[in-house]
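Structural features, examined
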Amino acid sequence: MAESARQPKEPQNPEELYRYLLDRVTNMETRNLELREQLRQVESDKRYIETQKIRYEREVRKLKSEIDQLRSPPLVIGTITDVLDTNRVIIRSSAGPRFLVKSSLCIDPENLKPGIRVTLNQQSLAVVDILPESYDAQVYGMEVVETPEESYSDVGGLEQQIIEIREAVELPLKRPELFEKIGIEPPKGVLLHGPPGTGKTLLARAVAHETNAYFLRVVGSELVQKYIGEGARLVRELFDLAKKKSPTIIFIDEIDAVGATRSDTTTSGDREVQRTLMQLLAGMDGFERRGDVKIIGATNRIDILDRALLRPGRFDRIIEIPLPGVQGRFSILQVHTRGMTLEDDVDLMEVATLTEGKNGADLRAICMEAGMFAIRREHDAVTREDFLKAIEKIGLDFEQHRPLGNIGAMFA
Ligand code: ATP
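In this text, all values refer to a predicted model and were calculated from it rather than measured experimentally. (Residues numbered from 1 in each chain as written. Predicted model: local features only at pLDDT ≥ 70, side-chain atom pairs only at ≥ 80, totals over all residues. Heavy atoms only, no water.)

**Overview of unusual backbone geometry**
Not every positive phi belongs to a glycine, and leucine 125 is a case in point at roughly 60 degrees. Here leucine 125 is to be found in the loop between strand S4 (117-120) and strand S5 (127-130). You can call leucine 125 buried: its relative accessible area is 13%. Look at glutamate 254: it is not a glycine, yet its phi comes out positive at around 50 degrees. Of note, glutamate 254 is situated in the loop between strand S9 (248-253) and helix H8 (256-259). (Helix = DSSP H or I, 4+ residues; strand = E, 2+ residues; numbered from the N terminus. Buried < 20%, exposed > 50% of the residue type's maximum accessible area, 1.4 Å probe, protein only.)

In structure tokens form, the structure reads like this:
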């Protein structure tokens, strides 16, 4: 009733009725248009919301899988030591013990070979995946030089030692047929021993340069690792890498860190060092004599080296690199002053005589200091006076154990 009361009364007059109806039709059409517009708007909103929904669903799925991944337990790393049949293998886990485990069906049995690194399920230790062949980052962290730049002409005063190392390392690499013809086994490696700074590393780098060999330098102490078996694995990977890159010269500096005489002590640290040494010896025995991997060891403490390392067949030649005599010092000074501009009054023989007891590294430092004195005076050439001052400075620095020279003195 109330509704009809609000409705305008329909005119009775036919003309007015016609106008009235026309008005209502026009109003309804306008309303219809408005409603259509609203519908279009709502539909477009709906489409937008649907695409947003799909986006958020995808995001949620991604986050869920990320959470799953974060929640999944870590996989143990192990190495296959033996393959029994298509899905049973013996592995050694990184923690040490060996296990007989199954391998996942997703893994092609063809790819299961001894020596391969795999990931293992934490509970069943089943092989889950095969890791790509990669050498330990630490092996790559070692100094690896394609061909060092130093040549024999950069080594002063070690003529006899150069001859010995050439015969023992260079000749087998360059002319293996000579050894075959004579019927003797070429040496596998040499051991350089002598006081620090006398040019052992330099000599090894020069050999690698002359033979166009890869130069792998590792410091013995780097091979001593915290975890059981890790040091031995590093040694194994070092030899593998050397074989792959051959011809290679492996230079093991401070070999006494792993090669010291084995004792009966039973601390786990000592046992780990011994294990690393055993792996080193096995590695040295393992590769073929005529192979093109040679080892040059260096030590300042030959007296504490294990006899097993010193026996022929491992290091076939033991070459002493002593402190240089006066002639040696003269040759070393010649090497290091080769590129320097010297005044006529500089007599290298005199410098050599005044530097009794100094090693190659000291002599190099003296040449550099003399050059620094000349630069300080803004002089174009180095004089005898500069050398005398440099000898005094280096002598003083070393006597007072101030390797940092004047900087050290400032803090003293
Ligand atoms: P360490 O036992 O401490 O490792 P090292 O015997 O290996 O010492 P190097 O590292 O070869 O000594 O020498 C250090 C630097 O001293 C070389 O880079 C080189 O510049 C210089 N040197 C040493 N000996 C000689 C040499 N006989 N001829 C020319 N330079 C030398």
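**Section: the nonpolar core**
For soluble globular proteins, the rule of thumb is that nonpolar side chains tend to be buried together. Among the nonpolar cores identified, the biggest contains 25 residues, and Ile250, Ile255, Leu280 and Leu309 are the most heavily contacted of them. For this core, the secondary structure elements donating two or more residues are strand S8 (214-219), helix H7 (230-245), S9, helix H9 (268-286), strand S10 (293-299) and helix H10 (307-310). For this core, the leading source of residues is H7, giving six residues. Sequence-distant contacts of isoleucine 255, defined by excluding residues within four places in its chain, comprise Leu191, Leu280, Ala298, Thr299, Leu305, Leu309 and Phe315. (Core = buried A, V, L, I, M, F, W, Y, C linked by side-chain atoms within 4.5 Å. Contact = heavy atoms within 4.5 Å.)

**Regarding empty space enclosed by the protein**
Enumeration over the complete set of coordinates arrives at one cavity of 30 Å³ or more. Computed from the structure, the largest cavity encloses a volume of approximately 30 Å³. Among the secondary structure elements, those contributing two or more residues to the lining of the largest cavity are helix H12 (348-354) and helix H14 (384-399). The element that contributes the greatest number of residues to the lining of the largest cavity is H14, accounting for three residues. Grouping the amino acids of the lining of the largest cavity by side-chain chemistry returns four nonpolar, no polar and three charged. (1 Å grid on protein atoms, 1.4 Å probe; cavity = no way out; pocket = protein on both sides within 12 Å on 5 of 7 lines; lining within 4 Å. Points joined across faces, edges and corners; volume = space filled by probe spheres on them. Nonpolar A, V, L, I, M, F, W, Y, C, P; charged D, E, K, R; others polar.)

**Concerning the pattern of salt bridges**
Scanning all chains against the criterion turns up 18 salt bridges. Taking the shortest distance from any N to any O, the salt bridge between arginine 166 and glutamate 170 comes out at 3.1 Å. Here the residue arginine 166 and the residue glutamate 170 both occupy positions in helix H4 (residues 159-174), the gap between them amounting to four residues, near one helical turn. For arginine 166, a relative accessible area of 37% gives the class partly exposed. For glutamate 170, a relative accessible area of 6% translates into the label buried. Between arginine 329 and glutamate 356 there is a salt bridge, with its nearest N and O atoms 3.7 Å apart. Pair noted here: arginine 329 is in helix H11 (residues 326-337) and glutamate 356 is in the loop between H12 and helix H13 (360-376), with a separation of 27 residues, a long-range link. Classification of arginine 329 by relative accessible area gives buried; the value is 1%. Taking the relative accessible area as the measure of exposure, glutamate 356 reaches 63% and is therefore exposed. (Salt bridge = Lys/Arg side-chain N within 4 Å of Asp/Glu carboxyl O.)

**Examining the sheet that holds strand S1 (residues 76-85)**
Read across the open sheet, the five strands follow the order S3-S2-S1-S4-S5; overall the sheet is antiparallel. Either end of the sheet is taken by a strand with one partner, and the two such strands are strand S3 (98-102) and S5. Averaged over all neighbouring strand pairs, the angle between strand axes comes to 45 degrees, with direction disregarded. Sheet analysis places S1 next to S4, joined by four bridges and oriented antiparallel. (Pairing = 2+ DSSP bridges. Axes fitted to C-alpha atoms, helices over the stretch in contact; angles between N-to-C directions.)

So yeah, pure geometry; function would need other evidence.
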